[in-house]
Amino acid sequence: MADVTCLDVRRLHADVLDTDAADVALAMDEDAFRAFYDRTSRALWGYLSRTSGDRQVADDLLQECYYRLLKSRVAFESEAHRRNYLYRIATNLVRDARRGTRPLFAEGLDVSDLEAPQGQADVEQRADVRRAMGRLKPRERALLWLAYAQGSSHSEIAGVLGVKTASIKLLLFRARRKLASMLEARS
Amino acid sequence: MSRKDTNVAKDLTDAEIEAIVAESIAAEAAMASAEAQPPSSAIVWWRTQMRARQEAAQLAERPITIVHALSIAAGIGLMLSVIGYAAAGVKGSLAWITGVWESTASLAAGLPLDLTGRWMSLTLTLTLVSVVIASVAAYVIYADE
């Protein structure tokens, strides 16, 4: 039988403590998390950048979203449930950032600083869409993005934004008309 | 929605509006997806673990801080008691102590409890010693953990 030194015992104890801390803190294992992250991170970044109007904010909040998801301790019923919860966290973080010192949502926010693809015929049209999105209210931006970029159902949107499902249809109708009007006015 | 916006959109049907919006946002979503440069999942997982461990360690340190504070308070109390006794020993004589004892006894005579009694003094002393020992023992136990 090999001799076990005091140092070995201390190292083993430290390893056990580290493992316990990680297990207690995080609800998903590494493989599951990485697969989920790879499936959702690009779309989530798009949601964060377009609803906040600031790519730097999206970069900052992206990791915080996943950290809070892992710490949430919610028993998710499905992939969609987990994804909707992630978007709810993102929505709350963007709202908190708006309340902070950084003026993310100044009225008439111009988001044309976002990079546009060079050499494409629809550059101006896309810039117009961004400017129009920037003039929408934060909730309208989130509504439209969830509905048409994410393809979320009314009940999913309601869950993410924390409003009644019955209200979504009307809110979407108004947001659509507002965006279309601004796009039409520019064209 | 402003009056101007309403007027511009009034000629369009809901289906046309929805088509315009859906197309615009879908194109924008494709652009956003192309722009996105999220850190790799391995890096995010590693950072998340580091942060979780750091928070767990900070949480675990809180009880130790409380024990430290209690131990320091007990130590200060013990030190003050020793200083008090030492000062009395240096300054006083046996006659002086006896005088104080008698004065205290006469003052406490009117109280319902006999605080100057032998058993009461013993009980109070034992209680004080137990509190000090318990504080030191708690400190030693939590400090090892």
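Every chain is numbered on its own, with residues counted from 1 as its sequence reads. Ligands are numbered from 1 and chains lettered from A, in the order in which they are written. Where totals are concerned, whole chains, interfaces and linings use all residues; where local detail is concerned, this predicted model gives features only for residues with pLDDT of at least 70, and gives and counts side-chain atom pairs only at 80 or more.

### Quick word on the overall build of chain B
(1) Moving on: Going along the chain from the N terminus, every DSSP run of H or I of four or more residues is numbered as a helix, and every run of E of two or more is numbered as a strand. Looking only at helices and strands, one finds five helices and zero strands in chain B.
(2) Moving on: Listing every helix and strand of chain B by position from the N terminus yields α-α-α-α-α.
(3) Moving on: By the burial criterion, 10% of the 145 residues in chain B qualify as buried. Residues are called buried when their C-beta atom has 20 or more other C-beta atoms within 10 Å, exposed when it has 12 or fewer, and partly exposed otherwise; all C-beta atoms are positioned from the backbone.

### Notes on the overall build of chain A
(1) Moving on: Along the backbone of chain A there are eight helices and zero strands.
(2) Moving on: If you list the helices and strands of chain A from N to C, you get α-α-α-α-α-α-α-α.
(3) Moving on: Contact criterion: two residues are in contact if their C-beta atoms, reconstructed from the backbone, are within 7 Å. Sequence-distant contacts in chain A: of pairs separated by 6 or more residues, those separated by 24 or more amount to 60%.

### Structural notes on the interface of chain A and chain B
(1) Moving on: Contact with chain A, which involves 41 residues of that partner, is made by 35 residues of chain B.
(2) Moving on: Contributions of two or more residues to the side of chain A that touches chain B are made by α1 (6–25), α2 (30–52), α3 (55–70), α5 (123–135), α6 (138–149) and α8 (165–186) of chain A.
(3) Moving on: Per-element accounting of the side of chain A that touches chain B gives the leading share, twelve residues, to α2 of chain A.
(4) Moving on: Residue classes follow a fixed rule: Ala, Val, Leu, Ile, Met, Phe, Trp, Tyr, Cys and Pro count as nonpolar, while Asp, Glu, Lys and Arg count as charged, and any other residue, Gly among them, counts as polar. Here the side of chain A that touches chain B is composed, by residue class, of 23 nonpolar, five polar and 13 charged.

### Here's the deal with unusual backbone geometry
Residues apart from glycine generally show negative phi values, whereas peptide bonds are mostly found in trans.
(1) Moving on: For R73 of chain A, which is not glycine, the phi dihedral falls at a positive 65°.
(2) Moving on: Structurally, R73 of chain A is set in the loop between α3 and α4 (79–99).

### Some words on α2 of chain A
An α-helical segment advances 3.6 residues per turn. Residues three or four places apart therefore align on the same side.
(1) Moving on: In the structure, α2 of chain A departs most strongly from a straight axis at T40 of chain A, where the bend amounts to approximately 45°.
(2) Moving on: One or two residues past the end of α2 of chain A sits G53 of chain A, with phi positive at roughly 75°. At any given residue, the bend is defined as the angle formed between two axes, one fitted to the seven residues that end at that position and one fitted to the seven that begin there.

### Structural notes on the packing of α4 of chain A against helix α7 (residues 154–161) of chain A
All names here are of chain A.
(1) Moving on: Viewed as axis vectors pointing N to C, α4 and α7 meet at an angle of 40°, and their least axial separation amounts to 8 Å. With respect to their mutual orientation, α4 and α7 come out oblique. By crossing handedness, the relation of α4 to α7 is classed as right-handed. Counted together, N84, Y87, R88 and T91 of α4 and E156, G159, V160 and L161 of α7 form the full contact between these two elements.
(2) Moving on: In the contact of α4 with α7, the residues fall into three nonpolar, three polar and two charged. Axes here refer to lines fitted to C-alpha atoms; in helices the fit is confined to the stretch in contact. Angles between the N-to-C directions go from 0 to 180 degrees. Note on angle classes: values under 35 degrees are labelled roughly parallel, values over 145 roughly antiparallel, values of 65 to 115 roughly perpendicular, and the remainder oblique. Two helices crossing with the near one rotated counterclockwise from the far one by less than a right angle form a left-handed crossing, whereas a clockwise rotation gives a right-handed crossing.

### Describing the confidence of the model for chain B
Residue and element names in this part refer to chain B.
(1) Moving on: Here chain B shows a mean pLDDT of 79. Residues at 70 or above account for 81%.
(2) Moving on: For chain B, helix α1 (residues 3–9) is the element with the lowest average pLDDT, namely 49, and helix α2 (residues 14–35) is the one with the highest, namely 89.
(3) Moving on: In the predicted structure, residues 1–6 sits below a pLDDT of 50 and forms eight contacts with residues beyond four places in sequence or in another chain.
(4) Moving on: Model confidence for the complex is summarised by a pTM of 0.62, with the ipTM given as 0.70. Scored from 0 to 100, pLDDT records how confident the predictor is in each individual residue.

### Let's talk about the nonpolar core
(1) Moving on: Here, a nonpolar core means buried Ala, Val, Leu, Ile, Met, Phe, Trp, Tyr and Cys residues linked by C-beta atoms lying within 7 Å of one another. With 51 residues, the main nonpolar core has L44, L48, C65, A90, L143, L144 and L179 of chain A as its most contacted residues.
(2) Moving on: Sequence-distant contacts of L144 of chain A, defined by excluding residues within four places in its chain, comprise A175 and L179 of chain A together with V21 and I25 of chain B.

### Details of α4 of chain A
Residue and element names in this part refer to chain A.
(1) Moving on: The length a helix should cover is 1.5 Å for every residue beyond the first. In a regular helix each residue adds 1.5 Å, so 21 residues correspond to 30 Å; α4 covers 30 Å between its end C-alpha atoms and thus fits that length.
(2) Moving on: Those residues of α4 that sit buried are R83, N84, L86, Y87, I89, A90, T91 and V94.
(3) Moving on: Turning to α4, the residues buried within the fold contact α2, α3, α6 and α7.

### With respect to the environment of V67 of chain B
All names here are of chain B.
(1) Moving on: You can see V67 is positioned in helix α3 (residues 41–91).
(2) Moving on: Along the primary structure V67 and A138 are separated by 71 residues, whereas in three dimensions their C-alpha atoms are 7.1 Å apart.
(3) Moving on: Look past the residues within four positions of V67 in its chain and what remains in contact with it is A138, Y139 and Y142.

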